[in-house]
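# Remarks on the overall topology
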Amino acid sequence: MNGVARTAALLAATSIVASALATSPLTAQKGAADGQWRVYGGDPGHTRYAPLDQIDAGNVADLEVAWSWTARNYGPNPLVRSQTTPLYVDGVLYATAGQRRAVVALDAGSGETLWMWTMDEGERLADAPRPNPGRGVAWWSDGAGDDRVLVMTPGYHLVALDAATGVPVEGFGASGTIDLHDGHRVRDGVPISGSIGSSSPPTVVGDVVVVGSAQHVGLRPPSRINTPGDVRGYDVRTGELLWTFHTIPEPGEEGHDTWLEGSAEYTGNAGVWAPISFDAETGYVYLPTEAATGDYYGGHRPGANLFSTSLVALDARTGRKVWHQQIIHHDIWDWDNPTFPILGDVTVDGVERKIVAQLTKQGFTYVFDRVTGEPIWPIVETAVPQTDVPGEWTSPTQPIPTLPVPYERQGFSEDDLIDFTPEILQRAQEAAAAYRMGPIFSPPSLRDAPDGTNGTLSLPSTLGGANWEGGAFDPESGMLYVGSQTTASVLQLVPGGERSDMDYVFGFARADVAPGVPIVKPPWGRITALDLKDGSMAWMVPNGDTPDHVAQRLGIDPELIPRTGKVSRAGLLVTRSLLFAGEGASGDPILRALDKATGETIAEIELPGAQTGLPMTYMHEGRQYVVLSVGGGGESAELVAFALPDRD
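Residue indices follow the written sequence of each chain, beginning from 1 at its first position. Only residues with pLDDT of 70 or above have their local features reported here, since the model is predicted, and side-chain atom pairs are shown and tallied only from 80 upward, although totals for entire chains, interfaces and linings are computed over all residues. Hydrogens and water are ignored here; the side-chain numbers use all heavy atoms of the structure.

Turning to the environment of Leu-628, a few remarks are in order. Numbering of helices and strands runs from the N terminus; a helix is a DSSP stretch of H or I covering at least four residues, while a strand is a stretch of E covering at least two. For Leu-628, the position within the fold is in strand β39 (residues 623-632). With a relative accessible area of 0%, Leu-628 lands in the buried category. Each C-alpha atom of the pair Leu-628 and Gln-611 lies 7.2 Å from the other, and the pair is 17 residues apart in sequence. Whether two residues are in contact is decided by their heavy atoms, any of which lying within 4.5 Å being enough. Excluding residues within four positions of it along the chain, Leu-628 makes contact with Leu-607, Gln-611, Gly-613, Leu-614, Pro-615, Glu-638, Leu-639, Val-640 and Phe-642. Exposure classes here rest on a 1.4 Å probe applied to the protein chains alone. A residue is buried below 20% of its type maximum, exposed above 50%, and partly exposed in between.

Judged from the five bridges that link them, strand β35 (residues 590-594) and strand β36 (residues 601-606) form a sheet pairing that is antiparallel. Within the sheet, the bridge partner assigned to Arg-592 lies in β36 and is Glu-604. Two strands pair if DSSP finds at least two bridges between them.

Here we come to the nonpolar core. Buried Ala, Val, Leu, Ile, Met, Phe, Trp, Tyr and Cys residues form a nonpolar core when they are joined through side-chain atoms within 4.5 Å. Ranked by size, the top nonpolar core spans 59 residues in total, and within it Val-60, Trp-67, Trp-69, Tyr-94, Phe-580 and Tyr-618 carry the most contacts. What Tyr-618 contacts, discounting residues up to four positions off in sequence, is Gly-35, Leu-52, Trp-67, Tyr-88, Leu-93, Ala-108, Arg-623, Gln-624, Tyr-625 and Val-627. Core analysis: the next-biggest nonpolar cluster, separate from the first, contains 31 residues, Trp-323, Ile-328, Leu-493 and Met-502 among them.

Here we come to the sheet that holds β36. With mixed pairing, the five strands of this open sheet are ordered in space as β2-β33-β34-β35-β36. Every interior strand has two partners, whereas the edge strands, β2 (49-50) and β36, have only one.

Another aspect to go through is the packing of aromatic side chains. Any pair of Phe, Tyr and Trp rings, taking the six-membered ring for Trp, is counted once the centres come within 6.5 Å. Such a pair is stacked with planes under 30 degrees apart, edge-to-face with planes over 60 apart, and tilted for the rest. Across all of its chains, the model carries 17 aromatic pairs by this definition. When the ring of Tyr-481 is compared with that of Trp-539, the centres are 5.9 Å apart and the planes differ by 40°; the resulting orientation is tilted. Of this pair, Tyr-481 sits in strand β28 (residues 479-485) while Trp-539 sits in strand β32 (residues 536-542), placing them 58 residues apart in sequence. The same class applies to Tyr-481 as to Trp-539, namely buried. By way of ring pairs, the aromatic residues Tyr-88, Tyr-618 and Tyr-625 are connected into one cluster.

Listed below in structure tokens is the structure:
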């Protein structure tokens, strides 16, 4: 290990010992039902639901800041935005902070720092593909006093910390640390250091900790050769490697034949950078995999490319594949599965179904039986447009779900163009004239193509649609809430040239009618409620008001503009009484409380900064708190906690 682990002398031992964790392993994984928040998504199925209702429609407008905590002094870049969502276990919050991804324990009632741990990873941090605060930590307990917090560092170490002190656990790996470079597959000519890291917390299922990976953005990869994104399971007590699942199969493994011309031997990515959900009853983990190298050109990896852009269920104890469903064959749209699968029990056609729902960048929700992998509603292999890019391979069909209805506009036509006035529509038509249009899954095309076009307009954009923020599921109503963004991308390819040994890479073309104003009709950010009992849409509302700059930059009367929402994705939390929605990192600093049944705004709570992390909630000493990360605007990242006024 080329980093030096150290625990800061910030221990408040008497406070932390007073809240000693005495939960059993089963209790440790049951989630938010008891006012705790022990898993990144609130519970193993990442529903982001808590059955709390002290804060309700009648009093939510009275919320006030109970405490705030700043990450100002954590790491070399104090202004980096934090996406962390804290865990809450028996009076203590656990979160990550700063570019080094320090772990902090905070008093849940006051925000006071109890302990801090950080690792100096040296050059590994400098080379890391995702040097950011990460999205949080995992927690494990044996129910007998051995309680641990686990974190994956930017430089790709897995560390187990004593939950009471923050000291690395001696019996885990080497002095509490596993170097995740060790034993990982490598490709000739690609150093593993700097080619693989992490952005999400590990997942703990029973006594197994499951880890994925995150790599560099694949817009313009320097090479078709890259590190593959293997998924691995470790013994949570000792750190022993238990199994490895190859998302890009080895010869003789299932799926290897979907990589033609030997491309499985050198292609990389296809990892799991989003959080991994699990079923505590079966011990299955659900892997939302990403695309393979590169994001927009797959001519060097012909074939359907299993298990890229797939949902894969594994037995966490053995790593054995239980089932899989490929969401996109041969992904060349950068439509990785970007977020945690959501598990729930729903009555469909009079039958109780155990489901897993995968939200996507492309605006579809893929819903499967989480035990068997069978689709809840038919998924139809549908003919899609084919490529004319030299050397590219496209699948003749793509799997398109019949239900639930899409929560985003899909494909691109002139009907999608912004049309506040005839003059603005004309400007949009002129901007779009240089590009191809077509239905969803229209492939990327060349700059200076033979037909005179310069790329393909695509809805949703390469960022989604939905992204890492995902959604929230209410198990009482069967309603799935999704925050998404409606903007277009230009899928343009240019020769790799001297920058890459790939034939083509992304071209960075744009189509705008004014700076910061999308070329498509609003809403540009939206919150949608999908009823998973029948796949219908219950309601949709814009995510926020119209930005002030839109009318000014378009040169029109603001009265001509409908409520557009922000070009941002809402981060959501659902409770027994309310749906909480921040506007996201590109929105205004507002947290809204919405009526779950209608989407109507009940209250707006001012934030000290834009929402950058997903909100969570917990009950502490008889008081319900709502906590989220905020930042941006030149300010340091903060955790801010809201609660009703203390009447004592």
